[in-house]
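Breakdown of the fold
One-letter residues, chain by chain:
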Amino acid sequence: MTHRPLSWAATLLAAVSVLLLTLVPGRPLTIPKFDEPGAAGQFEADRRRPADPSLDTVALYERAAKRVAGMERFSSTINRTLPASQPLSRVWLEATRAVTAIDRSGPTAVLDAWTPLGPGNIGGRTRVVRFHPTVPTTLFAAGVSGGVWKSDDDGTTWRSSGDGLTNLAVNSLAIDPRHPATMYAGTGEGYFREEIRGTGLPLRGGGIYVSSDSGTRWQRLPATATADFHWVNDLELGVSDSRRLYAATRSGVWRSSDSGATWTRLLETSVRGGCLDLALRPDRDEDVLFASCGSYEQATVYRFPRAADRADVEVVLREPGMGRTSLAIAPSHPDVIYALAASNDAGPGGNYRQALLGVYRSERGGATGTWEARVTNRDATYLNTLLLTNVYGATANDCSPTSTNAFTNMGWYINVIAVDPRDPNRVWAAGVDWFRSEDGGRNWGMASYGGSGVAASTHVDQHAIAFHPGYDGSTNQVALIGNDGGIYRTTNARASTAT
């Protein structure tokens, strides 16, 4: 049976018929709904959900991927059968020599060569943005549902370099500054979005993956194939020895001294969310490490004075009502460290639950008793209290008397703080939008705005910021940010902010 498109007259007649059917005397006009997107989404979720909810689908997929990797494949590009994955074997080398127009980095390179036709400008929730340590025109990004991406032309074009990962929920990424070809990707977005937003879809990870060829090929570190590494929220590499690797997970803080082959837990926690953020002083060989643990429950900032070889730990910051807290150390003055904390309490007017609790600063290396609240949700300047809130809604009444201020607070989910590489008093903070302070966190201006029609407009919901390796605050003020809409660039990171 064949179907022809309706003529315009037939289409009009059908529309009029539907309209007449809805015109019932004495009743308001109603237009029937021909689809239900919510129901459609639920159907798709149900279709993919296993009949047995106890099944570990992540583990099953990894097992299947390993089985596939062990099978021989036929390449129509070179018209021959290739053995199971042996990237360095003579067969592979001969095969890759026969193909010149495609990537030669691994077994899949000599299979059918595909050319992406687009669209290539669709961004997504980007949790990580990194510059290559020595080649600043090479960039890396990681998405919660998209794995790892790489650009070799300063961000003009991107290609996936993480399709070999058996888990694409990448939440953290560390690049070895001494051997930049070595990279580690931590998987699992552990911020409870599936519960708070009601999606019912936990983006659980599958451990930590390592690449020794700048992200072309990846393999999971076997020691991280456990429940302790289902949610890898942050990664740091040792200062003087990059074989040391630190991981913040839902079960605590972990250290490896052999490039991830074996792990020791430095801190065990059962607080909701576990440990979410790490900060490492860049100037101490003994690895002075800070860790922030807890979300929606009482959060705590810990300090490990000798994380390189000991597990000694001390509580350095624990404010009442403190929720998820992010950390940043000033690169130019490592004695200065900041903490941006969300509030578990309702706060002034009942409007600040999961909005700002406070920005805290220590000028003495983060030691206990040296932290000062630079700004809190009780600050007299209203804008200063909105660092983790949707500013558009929270100022609706200020802009239009007929509107009502509405607080959408996101500190549990989008919570970032960073320090200008050359100025310890110039600090950045973000939730929905980006703010910047020139006086060490006491006063704040908006550096980006999630609206439209203004020069500083960006997508909302910020997750990451990265400064150019050559950033000097003068001739080079390049910075990249990652958010729910992809990646944005500024070439004047010290430009004036709006207040």
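Heads up: these notes are all about the structure in this document. (Residues numbered from 1 in each chain as written. Predicted model: local features only at pLDDT ≥ 70, side-chain atom pairs only at ≥ 80, totals over all residues. Heavy atoms only, no water.)

Summing up its helical and strand segments, the protein chain has seven helices and 29 strands in all. By the burial criterion, 47% of the 499 residues in the protein chain qualify as buried. The long-range fraction of contacts in the protein chain, counting pairs at least 24 apart against all pairs at least 6 apart in sequence, stands at 49%. Accessible area of the protein chain: about 24500 Å², with a carbon and sulfur share of 53%. (Helix = DSSP H or I, 4+ residues; strand = E, 2+ residues; numbered from the N terminus. Buried < 20%, exposed > 50% of the residue type's maximum accessible area, 1.4 Å probe, protein only. Contact = heavy atoms within 4.5 Å. Areas by Shrake-Rupley, 256 points an atom, 1.4 Å probe, with all protein chains shown as cover.)

This brings us to the packing of aromatic side chains. By the definition in use, this model includes seven aromatic pairs. Where F229 meets W254, the ring centres are 5.2 Å apart and the plane angle is 45°; that geometry is what we call tilted. Separated by 25 residues along the polypeptide, F229 in the loop between β10 (219-220) and β11 (232-237) and W254 in strand β13 (residues 252-256) bring together distant segments of the chain. Residue F229 is classed as buried on the basis of its relative accessible area of 2%. Classification of W254 by relative accessible area gives buried; the value is 9%. (Phe/Tyr/Trp six-rings, centres within 6.5 Å; stacked < 30°, edge-to-face > 60°.)

This part takes up the side chain of D287. Summarising the element assignment, D287 is placed in the loop between β15 (275-280) and β16 (289-293). At 2.6 Å, the side chain of D287 forms a polar contact with the side chain of Y246. Not counting residues up to four positions away in its chain, the partners in contact with D287 are G238, V239, S240, R244, Y246, L280, F304, P305, R306, A307 and A308. (Polar contact = N/O pair within 3.5 Å; in protein donor to acceptor, adjacent residues only side chain to side chain.)

Pairs can form between side chains of opposite charge once their charged atoms are near each other. This model, assessed by the stated rule, comprises 25 salt bridges. In this structure, R125 and E189 form a salt bridge, with 2.9 Å as the shortest nitrogen-oxygen distance. Remark: E189 occurs in the loop between β8 (183-187) and α5 (193-196) and R125 occurs in the loop between α4 (90-97) and β3 (126-131); sequence separation between them is 64 residues. There is no split in this pair, since R125 and E189 are both buried. Residue D287 pairs with R244 through a salt bridge whose shortest N-O separation is 2.8 Å. Residue D287 is located in the loop between β15 and β16, and its partner R244 is located in the loop between β11 and β12 (245-249); the two are separated by 43 residues in the primary sequence. Accessibility assignment for this pair places D287 and R244 in one class, buried. Among the charged side chains, a network of salt bridges with common partners joins D420, D423, R426, R436, E438 and R494. (Salt bridge = Lys/Arg side-chain N within 4 Å of Asp/Glu carboxyl O.)

Here we come to unusual backbone geometry. The phi angle at S259 is positive, at roughly 60°, despite the residue not being glycine. Its location among the elements puts S259 in the loop between β13 and β14 (264-268). In this model, D287 sits at a positive phi of 60°, which is unusual for a non-glycine residue.

Moving on to the sheet that holds strand β19 (residues 322-329). Here four strands make up an open sheet; going across it, the order is β19-β20-β21-β22 and the pairing antiparallel. A strand with exactly one partner marks an edge of an open sheet, and here the two such strands are β19 and β22 (371-376). Going from strand to strand, the sheet's axes swing by 25° on average, the running direction of each strand aside. Bridge count for strand β20 (residues 337-343) against strand β21 (residues 356-362) is six bridges, and the pairing is antiparallel. Each bridged residue has a counterpart across the sheet, and for A339 the counterpart in β21 is Y360. (Pairing = 2+ DSSP bridges. Axes fitted to C-alpha atoms, helices over the stretch in contact; angles between N-to-C directions.)

Another point: the state of the cysteines. What is meant by a disulfide is a covalent connection between two cysteines, made through their sulfur atoms. Counting across every chain of the model gives one disulfide. Paired by a disulfide, C275 and C293 hold their sulfur atoms 2.1 Å apart. Handedness of the C275-C293 disulfide follows from its S-S torsion of about 85°: it is right-handed. Here C293 lies in strand β16 and C275 lies in strand β15, a separation of 18 residues in the sequence. With respect to burial, C275 and C293 carry one shared label: buried. (Disulfide = S-S within 2.5 Å.)

Volume-wise, the second largest pocket comes out at about 1700 Å³. R130, L235, E236, L278 and I465 are, among the 50 residues lining the second largest pocket, the residues nearest its centre. Listing elements by their share of the lining of the second largest pocket, those giving two or more residues are β3, β7 (170-175), β11, β15, β19, β23 (416-419) and β27 (462-467). The element contributing the most residues to the lining of the second largest pocket is β19, with six residues. Its residues placed into classes, the lining of the second largest pocket shows 32 nonpolar, 10 polar and eight charged. (1 Å grid on protein atoms, 1.4 Å probe; cavity = no way out; pocket = protein on both sides within 12 Å on 5 of 7 lines; lining within 4 Å. Points joined across faces, edges and corners; volume = space filled by probe spheres on them. Nonpolar A, V, L, I, M, F, W, Y, C, P; charged D, E, K, R; others polar.)

Our next topic: the environment of D258. Mapped onto the elements of the fold, D258 is located in the loop between β13 and β14. Given the relative accessible area of 32%, D258 is considered partly exposed. Residues D258 and L245 lie 13 residues apart in sequence; the distance between their C-alpha atoms is 8.0 Å. Within the structure, D258 has its side chain in polar contact with the side chain of T262 (distance 2.6 Å).

The next thing to look at is the sheet that holds β10. Strands sit in the order β7-β8-β9-β10 across an open sheet of four strands; the sheet is antiparallel. The open sheet has two edge strands, β7 and β10, and neither has a second partner. Of the pairings in the sheet, the one linking strand β9 (residues 208-211) to β10 comprises two bridges and is antiparallel in character. When the sheet's bridge partners are listed, Y209 is paired in β10 with R220.

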